[in-house]
Amino acid sequence: MAFQKIREGEAFRVLERLGIAVPPFVTVRRGQPLQLFEAERYVVKADAFFNKRAKQGLVKIASPSEVEATVEEMLEKVDRVIVQAFIPHKEEYYLSFKAGKEERILFGPGGTEVEEHWDAIRSLSPEELKSNFPHLWPFYKAFKAGFFSLEMNPIVFDEEKEAWVPLGIVAEVDEGHISTNPELWEGIEIGEPKEGVEKAVEEMDRKSYASLKLTLLNRQGRVWLLVAGGGASVVYLDKAYEMGKGEEVANYGEYSGNPTGEEVYRYTLLLLDEMLKGNGKALVVGGGIANFTDVGRSFRAIAKALRERAEGLRQRGVGVFVRRGGVREEEGLQAIREALEEIGLYHEVYGREQPLPYAMERALLWLEGRA
Amino acid sequence: MIIINPKEALLQPILDFDYLSGREPSIEGAVGKPLRLFYGPRELYIPAIEPEELEERLEEGDGIVLNLSSFRSAYATTMPLLGKAKMVVVVAEGVPIHQAKEMVEKAERTGTKLLGPASVGFVEGGIRKVGLAGGDGRNIVKSKLYTRGSWGIVSKSGGLLNELIWITSRYGGTAKAVALGGDLITGSSFVGEMEEMQGQVEAFLLLGEVGGRAELEVAKAIEGGRITKPVVAHVYGKSASLMKGRSFGHAAAMVKAEEESAEYKMEALSAAGAIVVESFSQLEEAVARVAKERGIRPVEAPHPPLPMEWREALEKGLVRRKRSIVSSIAREKDGIIHYRGIPATAVDSIAGAIALLWFGRRSPLLEELIERAVVLLADHGPAVAGAHNAIVTARAGKSIVESLAAGLLTIGPRFGGALDGAARLFLTHRDERPYRVIEIFKAKGQRLPGYGHRVKSRDNPDERVKALLSWARERGVVGRHTTFALALEEELLKKNPKLILNVDGALAAILLDVLEREGFNAKELVDIGAFNALFALARSIGMIGHALDQKRLKEGLYRHDEDDILYL
């Protein structure tokens, strides 16, 4: 499953729900009014997906009279800003967790210069954390509630609240946890909000038992991928890269897990529409030899979608390059062959007798006029 | 093996594998659900395994569990098995990462082998197929998985495992092919699998991917002499730089460090002595070369033919059989029900549906009459026998449908049969003189159906009959039956002013004339019971109404008044 970045403001919200003390904070988007809470001093930061904000002038301290102007100024550079109360503190620490076969827990002196004295940071096991720093154990538990990685720098001790408070967070969440614990993650924005066709596919994926993914890489790319399986998709990208044509590939995407005919049909239509809106010239309908995805069914669905966009595809002079094997492969390949002949597009249809990447190879050669 | 959360479509290929390999069926059962699967041509019924029996059955059998649960319940269903089963294969993709970690740790602690999550399982050529790996029966035959081969195949990706199996099928076949699963944290490892299967293979085919360091472990194992058989390898994901840090391929395939890049890992494997190909396309060539060098013989073995599915044989015209049922009135097409070829969505009235489904085609005249008939016959109050039975049944707490059924069963020669009776009367005697007909019935001691009313009479006519007749005249459908019916009425009224043509009689006569006018076979329709059916359809409206009424009024169980019974 995928891991997704999460904005700092959202991370604060989640930690708050888990009972962690966080500084009073508010997030503001460009064009939104600032609803401020009372504080003696404020910290204004860009709430975005990159690190080293301080070095880019995207972390500023502001007095109550300065804070509004500071927020406005920063919103000219980034689309979202977080304003938190300045918590007076003595020492600054660094605490991070990362999931993996071996979990990685790091703790030590923190702050903006943390990288300069990285060797002062210790690596701990969960048991060591629990026995030596029991006050930090709640953060480990919070991490386990669904984060793939949770980095807090600085984390400080708030004398007034008598609690450990993270002041800066960079985090990634595991989508698997979000699905199985919806109440905790209700209303939390994950990752970058998708738009257009990527958003449409993401919604389809959410509602489906199967997997449907689409990421646009380069709208100017002339080769579009309609591929079954995540691994196979990468192999096609590799092939283009090998042939020096990596930038020609417009998208990464895949369908897998035996989606219904209706799902494959709609997915294909979304892809074809995007392809025709862009610079698409060659369509690679590819995949390995399916374990259980019904190729007969999925290819019939693709054929149906192709027929519906016949006019647009013909006008563009799109070429279609197919390679696939698996359950009901003869039926599927035949269905798509017939559709392409009917529509009148240049096409090459291969089964398992050709290696997996062959469809990409042929597509690129054809684009060069060397087919 | 025992199955959790079975799906028959995914399990049939396992039994096909067993059959093709000449092995006994390897599925002992599924927890909580019986299975119906084919073993060759034979249909098997495999009883469910009760949850309480599971532990015992694990000990008795091969101890393998194939868990097909989704990511929502994979953790909950797998954890109790660890420590009890010998091996668990978890297919679900998207298992929360912290749950996956717990599963892997418990598996290591308890000694149960865990494959997955996100694993399609493994196949051992000719021996066993656990999971989805290897595809369906046809693929098992094409890839020669039904017999023991020489190659050990390991990959993370399940989809590509089948591709690798296919590649090696022409150069020695599969000894064992395992998919570890594409998620970040999974049980087992490249190195673990390869060391384990070393004894049963001649050579390895390893497909790694960008992200993680598993391939580096393999390189070390080769250098360290722990893996001695030749390893053909490729690591895909060179193009990761095109992805600009977005996660792609599998959850695991995310570029974090240089050591985790495809190029670096291929370098390391090559330096260790593996036969590395830079392009996926070159795998076959490398496999062929190694097979030749090692003298790996191509796989050739007989296998029984796998029976075709009935549906497929039918579609291909290879079989035929006499159908059990013939039907001509309705059929589904493009997901919509069609009445005599007309989509239901294009039928604009109830009478239209009746005309199509009962009479075979539409007819505005007939439909107008049916509409009137149904309204007139819809109910006759609670006192009549049919309604009474519906009421009693409803008051007995039975459902609407049961109450309706009770009422409908009352319909027969004495109740509700007048429409049908009158129609037969008119059909049979229309060419005779009315007085003769009256004599015939008098001689039989029978009353004439369609005539008579308790209250209405010649001087106090039935408005409904008047309305029907004026409709018929307006439409110009007064034919021989209606003419005859009216003539008979005239004759009867000479005797008894109450023997008017009643609603049943009028409807029957006009209906017969309309049917004739519109070219339907009126006699056949009456003979097969269409007029009775019309009454039953119409009166259902009233009977259901009475049943609903009783329920709304919350009337209790009916018991007939004792005083109202003559005991003998």
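Below: a short report on this structure. (Residues numbered from 1 in each chain as written. Chains lettered and ligands numbered in written order. Predicted model: local features only at pLDDT ≥ 70, side-chain atom pairs only at ≥ 80, totals over all residues. Heavy atoms only, no water.)

1. Quick look at the nonpolar core
Stage number 1. Residues Ile27(B) and Trp151(B) are the most contacted members of the largest nonpolar core, which totals 104 residues.
Stage number 2. The leading source of residues in this core is helix H1 (residues 8–21) of chain B, at seven residues.
Stage number 3. Among residues more than four places away in sequence, those in contact with Ile27(B) are Met1(B), Ile3(B), Leu11(B), Ile14(B), Leu15(B), Leu35(B), Leu37(B) and Ile46(B).
Stage number 4. Judged by nonpolar contacts, the second largest core, of 61 residues, contains Ala11(A), Phe107(A), Ala85(B) and Ala100(B). (Core = buried A, V, L, I, M, F, W, Y, C linked by side-chain atoms within 4.5 Å. Buried < 20%, exposed > 50% of the residue type's maximum accessible area, 1.4 Å probe, protein only. Helix = DSSP H or I, 4+ residues; strand = E, 2+ residues; numbered from the N terminus. Contact = heavy atoms within 4.5 Å.)

2. Some remarks on the sheet that holds strand S9 (residues 128–131) of chain B
Whenever strands of a sheet pair, they do so through backbone hydrogen bonds, lying parallel or antiparallel.
All names here are of chain B.
Stage number 1. Taken in spatial order, the seven strands make up an open sheet running S9-S8-S11-S10-S12-S13-S14, and their pairing is mixed. Two strands in the sheet have a free side with no partner beyond their single neighbour: S9 and strand S14 (275–276).
Stage number 2. For strand S13 (residues 231–236) and S14, the ladder comprises two bridges, and the chain directions are parallel. Bridged to Val 232 within S14 is Ile 275.
Stage number 3. Its contacts with the sheet place H1 against strand S8 (121–124) and S9, and it is angled at close to 175° to S9.
Stage number 4. In the packing of helix H9 (residues 262–272) onto the sheet, contacts are made with strand S12 (203–209), S13 and S14, and the angle to S13 comes to roughly 170°. (Pairing = 2+ DSSP bridges. Axes fitted to C-alpha atoms, helices over the stretch in contact; angles between N-to-C directions.)

3. A word on the pattern of salt bridges
Stage number 1. Counted under the stated rule, the structure contains 61 salt bridges over all chains.
Stage number 2. Here Arg328(A) ties to Glu331(A) by a salt bridge, and the two come within 3.3 Å at their closest N and O atoms.
Stage number 3. Using a relative accessible area of 33% as the deciding quantity, one classes Arg328(A) as partly exposed.
Stage number 4. Look at Glu331(A) and you get partly exposed, because its relative accessible area is 23%.
Stage number 5. With a closest N to O distance of 3.0 Å, Asp462(B) and Arg464(B) form a salt bridge.
Stage number 6. Judged by relative accessible area, which is 33%, Arg464(B) ranks as partly exposed.
Stage number 7. Residues participating in the shared-partner salt-bridge network are Arg7(A), Arg29(A), Asp79(A), Arg80(A) and Glu189(A). (Salt bridge = Lys/Arg side-chain N within 4 Å of Asp/Glu carboxyl O.)

4. Some words on the side chain of Ser150(B)
Stage number 1. As for its placement among the helices and strands, Ser150(B) is situated in the loop between helix H5 (137–142) and strand S10 (151–155).
Stage number 2. Discounting residues that sit within four places of it in the chain, Ser150(B) has contacts with Gly172(B), Gly173(B), Thr174(B), Ala175(B), Val201(B), Glu202(B), Ala203(B) and Ile296(B).

5. Some details on the interface of chain B and chain A
Stage number 1. Across the boundary between the two partners, chain B contributes 53 residues, which contact 48 residues of chain A.
Stage number 2. Between chain B and chain A lies a buried interface of about 4,200 Å² when both sides are counted; carbon and sulfur atoms form 58% of it.
Stage number 3. Across the chain B-chain A interface, the total number found is four salt bridges.
Stage number 4. In this structure, the salt-bridge partner of Lys142(B) is Glu329(A), at a minimum N-O distance of 2.6 Å.
Stage number 5. Inspection of the region where chain B meets chain A yields 25 residue pairs in polar contact (both at pLDDT 80 or more). (Buried area = accessible area lost by both parts, 1.4 Å probe. Polar contact = N/O pair within 3.5 Å; in protein donor to acceptor, adjacent residues only side chain to side chain.)

6. Some points on the packing of aromatic side chains
Stage number 1. Counting across every chain of the model gives 24 aromatic pairs over all chains.
Stage number 2. Seen in terms of ring centroids, Phe359(B) and Phe520(B) are 6.0 Å apart; in terms of plane orientation they differ by 70°. Their pairing is edge-to-face. Taken together, the positions of Phe359(B) in helix H12 (residues 350–359) and Phe520(B) in the loop between helix H20 (503–517) and helix H21 (522–528) put the pair 161 residues apart, joining distant regions of the chain. Phe520(B) matches Phe359(B) in its accessibility class, with the two residues each being buried.
Stage number 3. Through a chain of ring-to-ring contacts, three or more aromatic side chains come together here, namely Tyr93(A), Phe107(A), Phe133(A), Phe157(A) and Trp164(A).
Stage number 4. Over the aromatic face of Phe122(B) sits the side chain of Lys176(B), whose NZ or CZ is 5.0 Å from the ring centroid. (Phe/Tyr/Trp six-rings, centres within 6.5 Å; stacked < 30°, edge-to-face > 60°. Lys NZ or Arg CZ within 6 Å of the ring centre and 35° of its normal.)

7. Some remarks on unusual backbone geometry
Stage number 1. That bond from Asn153(A) to Pro154(A) is cis: its omega, 0°, falls within 30 degrees of zero.
Stage number 2. Relative to the assigned elements, Pro154(A) resides in strand S9 (residues 147–158).
Stage number 3. The omega torsion of the bond from Gly116(B) to Pro117(B) falls at 5°, within 30 degrees of zero and hence cis.
Stage number 4. Mapped onto the secondary structure, Pro117(B) falls in the loop between strand S7 (113–115) and S8.
Stage number 5. A positive phi is found at Arg328(A), a non-glycine position, where the angle reads about 55°.
Stage number 6. With respect to the element layout, Arg328(A) can be found in the loop between strand S18 (325–327) and helix H12 (329–343).

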